[in-house]
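Below, each chain spelled out in residue letters.
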Amino acid sequence: MPTLLGVFDNPDDVAEVITRLRARELGALETFSPAPFDQIDEALDEKPSKVRVYTLVGGIIGVCLAYLMQIWMSYDWPIVFSGKPYASIPAYTIIGFELMVLFAGVLTLIGFLIVGGLPQFSTLKGYSARFSAEEFGITVDCSERDASEVEAVLRANSAKEVSVVDA
Amino acid sequence: MSSAEQANPQGLSRPLVIVCGLLTLLGTGAFFAGIMGEHPETAWRAYHINFLYFGGIAQGAMVLVCIFTVVGAKWPGTVKRLAESFTAWVPISFALAILGFFGKEHIFEAWLTEDMGFKAGWLSVGRVFGADLAIFGVLAVLATIYLYHSLRPSLNGAADSATGLAKGFLTKWTSNWQGDDVEQIHAERVMGRVAPITLWIFAFGFTLIGFDQVMSITPHWFSNLFGTFFSWGCFLSAIAATTVLAAMNNNHPQIGPEITTPRLHDLGKMCFAFSVVWMYMFWSQYLVIWYGNMPEETVFFEARLGPVFLMDADAWNLANWNFSVERLMETPWAPICMVVWACCWIIPFFGLLGQKAKKTPCFVGSVAFILLFGLWLERNVLIWPSFSPEDRFAWLGFTQIAIALGFLGAFVLVQQVFSKVVPSIVVPKSS
């Protein structure tokens, strides 16, 4: 299964190529861009990242843990404050909020690493340093049969160069 | 660089003007009938609440516009102009503040008649009205300077197509025209200076107005956070009002295309986030008062939320949960406070949590409208229970509602004249 790489100068061309290749279902795409571009994001139209599930779970764990910890501590070393019961919700809300943010933040970082497959010691197929400078790249994993068609689409949308990175 | 925007006079919608005019007449009539009748205090109190509410929207809108200027925001585009259209009320609000002075015996009865001890110097007619009228006056002058310079660069040539009163007004407004580029640069320089000054004076001034005009009605109670809570309500109501206006103009031929989905999304985000801050402010003050449980502090909350939120030890006890809704409902004002929470926080929070909700004009507009109503009710709840702790319907009566509708009519009328006739809302030039 060959992998083709197209190199571009303009994000609009990249967006156009993505839309066309997607429409014809010619193979899996990987896009390299030096910076985020709205038109590319729109063309990729990716599903929302799973990282947000980690954030939600982290937040819920944090807030529950905070209340449990404080209430346990209050009963373990009972001191009456202002005549309030040991397990009063309002008194523990601030720490509940803080731990919610902390756990949500830490789990977001963990989720980011897991979902993004990081740390990654080898670069992706087709990547080169210039895609972190000023050029754009698209790699397409396509079948032997479709290779010429993919190449035609890349060239038709002002690809500066098209090469086979993995035959 | 020449002005990229131009005036867009449209003429008023006749039915709307008639309705607003009638409401204004109704309100004015009810107010004068009220102050000459048996219960002048009812009319004055309703006047005071609505003066603060609508003055708060106008000044809050000015603050929003100034923030856009100070941070150099590019995203709002015409949304900034929509917010500006509320600010024509700021000078009127100064005039209304002067009128309010004559009702002081009915509004500030408590500190005018009681012996205030060490607070006597602070809560005196000279100090309170001297400071507050100066704040309203300075803010009115700043708003006028700002609006003049904000709109002038876009008004060149508008006088030629205008007729009648608008023509004279626009001619005057664009006199001594120095050329598009010079005007634009000059206007931006003036706005860049006026905006931060307005923000500082709002932050300090409206905090003081919150203390003087609202908190002093319960003169022995004090809360350092109250002024911030009050001025935050003004700012939030302005954002909600701008969102409602944006959603309503979504299909407008000239303004509609400017109310893009990302802009609506941003307005929705602001309503969402800032309503959370509103609740946060309340909570910050409630928490310490609940914990301290000192009578001189709890008195204000007790009149509104009742003992369930304060002295009832087990109301929040996870180990022995005993939150009595029945007991809550026994407090006359508690149900109304619950409606305020629902309108100002619960509905905006859960309603605007999703992305799609914020991008749907009718939905985000409706939620913002609920928020706006909630904040009006909040102003009532801040003031009425201090006068009538036992009567939960003190805010609801012919005089009170007629005065509120009168204010609404006048406010909408001013907004309409300002945004449709002189100088009219400006939209980007069609190329």
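It should be emphasised that the depicted structure is a prediction, and the values quoted were computed from it without experimental measurement.

The rules we used
Residues numbered from 1 in each chain as written. Chains lettered and ligands numbered in written order. Predicted model: local features only at pLDDT ≥ 70, side-chain atom pairs only at ≥ 80, totals over all residues. Heavy atoms only, no water. Helix = DSSP H or I, 4+ residues; strand = E, 2+ residues; numbered from the N terminus. Rg over C-alpha atoms; globule rule 2.2 N^0.38 Å. Buried < 20%, exposed > 50% of the residue type's maximum accessible area, 1.4 Å probe, protein only. Contact = heavy atoms within 4.5 Å. Areas by Shrake-Rupley, 256 points an atom, 1.4 Å probe, with all protein chains shown as cover. Lys, Arg positive; Asp, Glu negative; His and termini not counted. Charge placed at Lys NZ, Arg CZ, Asp CG, Glu CD. Disulfide = S-S within 2.5 Å. Salt bridge = Lys/Arg side-chain N within 4 Å of Asp/Glu carboxyl O. Buried area = accessible area lost by both parts, 1.4 Å probe. Polar contact = N/O pair within 3.5 Å; in protein donor to acceptor, adjacent residues only side chain to side chain. Domains from an automatic or database assignment. Nonpolar A, V, L, I, M, F, W, Y, C, P; charged D, E, K, R; others polar.

A.B. asks: When you look at the overall build of chain A in this model, what are you seeing that I'm missing?
C.D. replies: When helices and strands are counted, chain A shows five helices and four strands. Listing the helices and strands of chain A from first to last along the sequence gives β-α-β-α-α-α-β-α-β. The C-alpha atoms of chain A give 25 Å as radius of gyration, which overshoots the globular expectation for 167 residues (15 Å, by more than 25%). A burial count over chain A gives 35% of its 167 residues as buried. Once local pairs closer than 6 in sequence are excluded, the contacts in chain A between residues at least 24 apart make up 83%. Total accessible area computed for chain A in this model is approximately 10,200 Å², and 62% of it derives from carbon and sulfur atoms. For chain A, the distance from the average site of its 12 positive side-chain charges to the average site of its 22 negative ones is 5 Å.

A.B. asks: Would you explain the overall build of chain B in this entry?
C.D. replies: Counting its regular elements, chain B contains 18 helices and two strands. Along the first, second and third principal axes, the C-alpha atoms of chain B reach 70 × 50 × 40 Å. Taken across its 431 residues, chain B has 55% of its residues classed as buried. Taking as baseline every contact in chain B between residues at least 6 positions apart, the subset at least 24 positions apart corresponds to 79%. Here chain B has roughly 18,300 Å² of accessible surface; of this, 68% comes from carbon and sulfur atoms.

A.B. asks: Help me understand the state of the cysteines in this model?
C.D. replies: Note: disulfide means a covalent bond formed between the sulfur atoms of two cysteine side chains. Residues and elements named next belong to chain B. The full count for this structure, using the stated rule, is zero disulfides over all chains. Left unpaired, Cys-337 is separated from the closest cysteine sulfur, that of Cys-344, by 11 Å. With a relative accessible area of 6%, Cys-337 lands in the buried category.

A.B. asks: In this structure, what is going on with the pattern of salt bridges? I would like to understand it.
C.D. replies: Side chains bearing opposite charge may pair, as long as their charged atoms lie close to each other. Tallied over the entire structure, the rule returns 15 salt bridges over all chains. As a salt-bridge pair, Glu-135 of chain A and Arg-130 of chain A come within 3.5 Å of each other at their nearest N and O atoms. Taking relative accessible area as the criterion, Arg-130 of chain A reaches 28% and is therefore assigned partly exposed. With a shortest N-O distance of 3.4 Å, Lys-269 of chain B and Asp-266 of chain B are connected by a salt bridge. With Lys-269 of chain B and Asp-266 of chain B both in helix H12 (residues 261–292) and three residues apart, this pair spans about one turn of that helix. In this structure Lys-269 of chain B comes out as partly exposed when scored by relative accessible area, which is 38%. Overlapping salt bridges, with partners in common, bring together Asp-9, Arg-130, Glu-135, Lys-160 and Glu-161 of chain A in one network.

A.B. asks: Explain the side chain of Asn-249 of chain B to me, please; I cannot follow it from the model alone.
C.D. replies: With respect to the helices and strands, the residue Asn-249 of chain B is situated in the loop between helix H11 (226–248) and H12. Once residues within four sequence positions are removed from consideration, Asn-249 of chain B is found in contact with Leu-82, Ile-255, Gly-256 and Ile-259 of chain B.

A.B. asks: Looking at this model, I keep getting lost on the interface of chain A and chain B. Mind explaining?
C.D. replies: Often the size quoted for an interface is simply the accessible area lost on bringing the parts together. Counting from both sides, the interface comprises 14 residues of chain A and, opposite them, 14 residues of chain B. When chain A packs against chain B, the two sides together hide about 1,200 Å² of surface, and 71% of this comes from carbon and sulfur. Per-residue buried area on chain A facing chain B is highest for Lys-84, Ile-89 and Pro-90 of chain A; these three make up 43% of the total on that side. At the surface where chain A touches chain B, the tally comes to zero salt bridges. At the boundary of chain A with chain B, the tally comes to five residue pairs in polar contact (both at pLDDT 80 or more). Among the secondary structure elements, those contributing two or more residues to the side of chain A that touches chain B are helix H3 (51–76) and helix H4 (89–115) of chain A. Broken down by element, the side of chain A that touches chain B gets its largest block of residues, five residues, from H4 of chain A.

A.B. asks: Just to check I follow, could you spell out the domain arrangement of chain B for this structure?
C.D. replies: Residues and elements named next belong to chain B. In terms of domain boundaries, chain B breaks down into domain 1 (1–220 + 398–423) and domain 2 (222–392). Facing 43 residues of domain 1, the contacting portion of domain 2 comprises 39 residues. It is Ile-49, Tyr-53 and Trp-75 that lose the most area in domain 1 upon contact with domain 2, and together they represent 19% of the buried surface on that side. At the surface where domain 1 touches domain 2, the tally comes to zero salt bridges. Linking domain 1 to domain 2 there are five residue pairs in polar contact (both at pLDDT 80 or more). Broken down by secondary-structure element, the contributors of at least two residues to the side of domain 1 that touches domain 2 are helix H2 (40–71), helix H3 (78–84), helix H5 (104–107), helix H10 (180–214) and helix H18 (398–420). The element that contributes the greatest number of residues to the side of domain 1 that touches domain 2 is H2, accounting for 15 residues. Of the residues assigned to the side of domain 1 that touches domain 2, the class counts are 25 nonpolar, 17 polar and one charged.

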